[in-house]
Number of protein chains: 2
Amino acid sequence: MARMSADERRERLVEAAITVMTRDGVARATTRAIVAEAEMPLGVFHYCFASKKELVEQVIGTINAHAVSRVMAMTDTRATFRESLRASVQGYWEHVLTHPAEHMLTYELTQYALRQPGFEGVARTQYELYLGTLTAFLDDIANRLAVTYELPTPVLARYLMTVVDGLTLNWIILGGEPEAAAVLDHVTDHVAGLVRERS
Amino acid sequence: MARMSADERRERLVEAAITVMTRDGVARATTRAIVAEAEMPLGVFHYCFASKKELVEQVIGTINAHAVSRVMAMTDTRATFRESLRASVQGYWEHVLTHPAEHMLTYELTQYALRQPGFEGVARTQYELYLGTLTAFLDDIANRLAVTYELPTPVLARYLMTVVDGLTLNWIILGGEPEAAAVLDHVTDHVAGLVRERS
DNA sequence: GTCTATAGGAAGATAGAC
DNA sequence: GTCTATCTTCCTATAGAC
């Protein structure tokens, strides 16, 4: 009854796992719930993956790849730094507003990784990845527009990551779109004020 | 063998639960692990608490009370707004640096509450509490020093909460004290620049 | 590879002797 | 109230027929 290759089953199981985790939370994404979501019998699980750990690793890899390519795609260079930053930040924020559950899942997986033996480095790698992507974004835009920053790029990148990450988290919990958008606008303007023409 | 009142047992079990959650994570804080930490037999649990849910509610209540009284105590009014804000923020940051596990637990409990049926409102209440406390802090300091803010207080409070919460989270995961402190200093200075003498 | 059936263990909660 | 022993359920993982 080989209706589908093991590779395709693996892909579908990872997708199903993400669906279940997004809908019901990481803790409820049991092997049973995942195979049920993928409409496969339970026994399938362990000839597609050696263990549940192996599946979760692939889930985290997939989620991270999505997040990074999202940030990459958000680079939106316009005529001025202010406009470029605003466009990029708004692109990100749009995604948060339309896909809150996806962002919530990344927070959950970070926590999961921080506690799960065998995933010790994963949370750190995840945040280093975000920070690196943001740093590259700032460098890229500085080069294209021939500007420099008043603050060291690592500090500026950390600042942006802090605001974006912190605001995403508290918006997921509290809502309050007007205040959240106001904070984001204020920070965008403030950061644009830290830019100098390259001499 | 009544060596201790049921009330005292309850208190000790809540303490033990916090110890286990801080050390091993919320998911590993099982009734068995908690009574073992408190050095009590398993059967004790269910005549002290009707269910595990009841214990977790008390744990969250205790943690929140700690957090709020910490923010209250951090209000540190000096001669100028800048100095007051700096002193208060440094007081908070000092606590993060010396008690990271405690702060990590609050993030874990927030996630737990967001997913656990019966705790739907708890995460929101928690963040509203933080935001309210920060707003009160800003109002208080504005009154004492007879100043106003360029931004509406709700937006400013949200901005501060975002930065403080986001930075705490990414410092727990990434470390990098110099950059984190630089971000905090920068934000403190920036916010101090948003203050006007009351006319 | 594919599936059913089940092992083996840990979770929350309860029964019932004292 | 106090404790031991146990119930029920659900988890990951495996055994073994096809």
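Residues numbered from 1 in each chain as written. Chains lettered and ligands numbered in written order. Predicted model: local features only at pLDDT ≥ 70, side-chain atom pairs only at ≥ 80, totals over all residues. Heavy atoms only, no water.

1. A word on the side chain of threonine 106 of chain A
Residues and elements named next belong to chain A. Topologically, threonine 106 is positioned in helix α6 (residues 100–115). Given a relative accessible area of 13%, threonine 106 falls into the buried group. If we skip the residues at most four places from it in the chain, threonine 106 touches Ile63, Gln126 and Tyr130. (Helix = DSSP H or I, 4+ residues; strand = E, 2+ residues; numbered from the N terminus. Buried < 20%, exposed > 50% of the residue type's maximum accessible area, 1.4 Å probe, protein only. Contact = heavy atoms within 4.5 Å.)

2. Regarding the interface of chain A and chain B
Listed as interface residues are 46 residues of chain A and, on the opposing side, 46 residues of chain B. Of the roughly 3900 Å² buried at the junction of chain A and chain B (both faces included), carbon and sulfur atoms supply 63%. Looking only at chain A, the three residues that lose the most surface to chain B are Arg115, Arg158 and Leu174 of chain A, adding up to 22% of its buried area. In this structure, glutamate 108 of chain A and arginine 115 of chain B form a salt bridge, with 2.8 Å as the shortest nitrogen-oxygen distance. (Buried area = accessible area lost by both parts, 1.4 Å probe. Salt bridge = Lys/Arg side-chain N within 4 Å of Asp/Glu carboxyl O.)

3. Things to note about the protein's contact with DNA strand C
As a matter of local geometry, DNA strand C sits amid 16 residues, with Tyr47 of chain A together with Thr31, Arg32, His46 and Lys52 of chain B nearest to it. Of all the secondary-structure elements, those providing two or more residues to the surface near DNA strand C are α1 (6–24) of chain A together with α2 (31–37) of chain B. Across the surface near DNA strand C, the residue classes tally to eight nonpolar, five polar and three charged. (Near = heavy atom within 4 Å. Nonpolar A, V, L, I, M, F, W, Y, C, P; charged D, E, K, R; others polar.)

4. Focus on the pattern of salt bridges
Residue and element names in this part refer to chain A. Scanning all chains against the criterion turns up 28 salt bridges over all chains. For aspartate 140, the salt bridge goes to arginine 144, with nearest N and O atoms at 3.2 Å. Of the two residues, aspartate 140 and arginine 144 both sit in helix α7 (residues 122–145), four residues apart, roughly one turn of that helix. When its relative accessible area of 27% is taken as the criterion, aspartate 140 is described as partly exposed. Of the residues examined, arginine 144 reaches a relative accessible area of 54% and is grouped as exposed. What emerges from the salt-bridge pattern is a single network uniting Arg82, Arg86, Asp185 and Asp189.

5. Observations regarding the nonpolar core
Within the largest apolar cluster, 142 residues are counted, with the highest numbers of intra-cluster contacts made by Leu13, Val59, Phe81 and Tyr159 of chain A together with Leu13, Val59 and Tyr159 of chain B. In terms of residue count, helix α8 (residues 153–174) of chain A provides more of this core than any other element does, 14 residues in total. Beyond its immediate stretch of four places on either side in the chain, tyrosine 159 of chain B contacts Tyr159, Val183 and Val187 of chain A together with Val187, His190 and Val191 of chain B. (Core = buried A, V, L, I, M, F, W, Y, C linked by side-chain atoms within 4.5 Å.)

6. Details of the relation of the copies chain A and chain B
Taken as rigid bodies, chain A and chain B are interconverted by a rotation of 180° and an axial shift of 0.0 Å, the fit giving an RMSD of 0.1 Å. The operation mapping one copy onto its partner corresponds to a two-fold rotation axis. Taking C-alpha positions as reference, the residue of chain A nearest the rotation axis is glycine 166 of chain A, located at 1.9 Å. A symmetric contact is evident, with 100% of the interface residues of chain A recurring at the interface of chain B. (Least-squares fit on C-alpha atoms with pLDDT ≥ 70 in both.)

7. Considerations on the domain arrangement of chain A
A common way to express how large an interface is: the accessible area buried when the components associate. Residue and element names in this part refer to chain A. With domains assigned, chain A is organised as domain 1 (1–49) and domain 2 (63–197). Spacing between the C-alpha centres of domain 1 and domain 2 amounts to 31 Å. Between domain 1 and domain 2, the contact holds five residues from the first and seven residues from the second. Counting each side, the surface lost to burial between domain 1 and domain 2 is near 500 Å², with a carbon and sulfur contribution of 80%. When the buried area of domain 1 at its contact with domain 2 is split by residue, Ile18, Thr22 and Val26 rank highest and sum to 78% of it. Summed over the shared surface of domain 1 and domain 2, the number is zero salt bridges. Of the residues belonging to the side of domain 1 that touches domain 2, the class tally is three nonpolar, two polar and no charged. (Domains from an automatic or database assignment.)

8. A short note on the packing of α7 of chain A against helix α8 (residues 153–174) of chain B
Where α7 of chain A contacts α8 of chain B, the axes come no closer than 8 Å and their chain directions differ by 120°. One finds that α7 of chain A runs oblique with respect to α8 of chain B. You can see that α7 of chain A and α8 of chain B cross each other, and the crossing is left-handed. Residues Ala123, Arg124, Tyr127, Glu128 and Leu131 of chain A of α7 of chain A pack against Leu169, Asn170, Ile173 and Leu174 of chain B of α8 of chain B. (Axes fitted to C-alpha atoms, helices over the stretch in contact; angles between N-to-C directions. Parallel < 35°, antiparallel > 145°, perpendicular 65-115°, else oblique. Left-handed = near helix turned anticlockwise from the far one by under 90°.)

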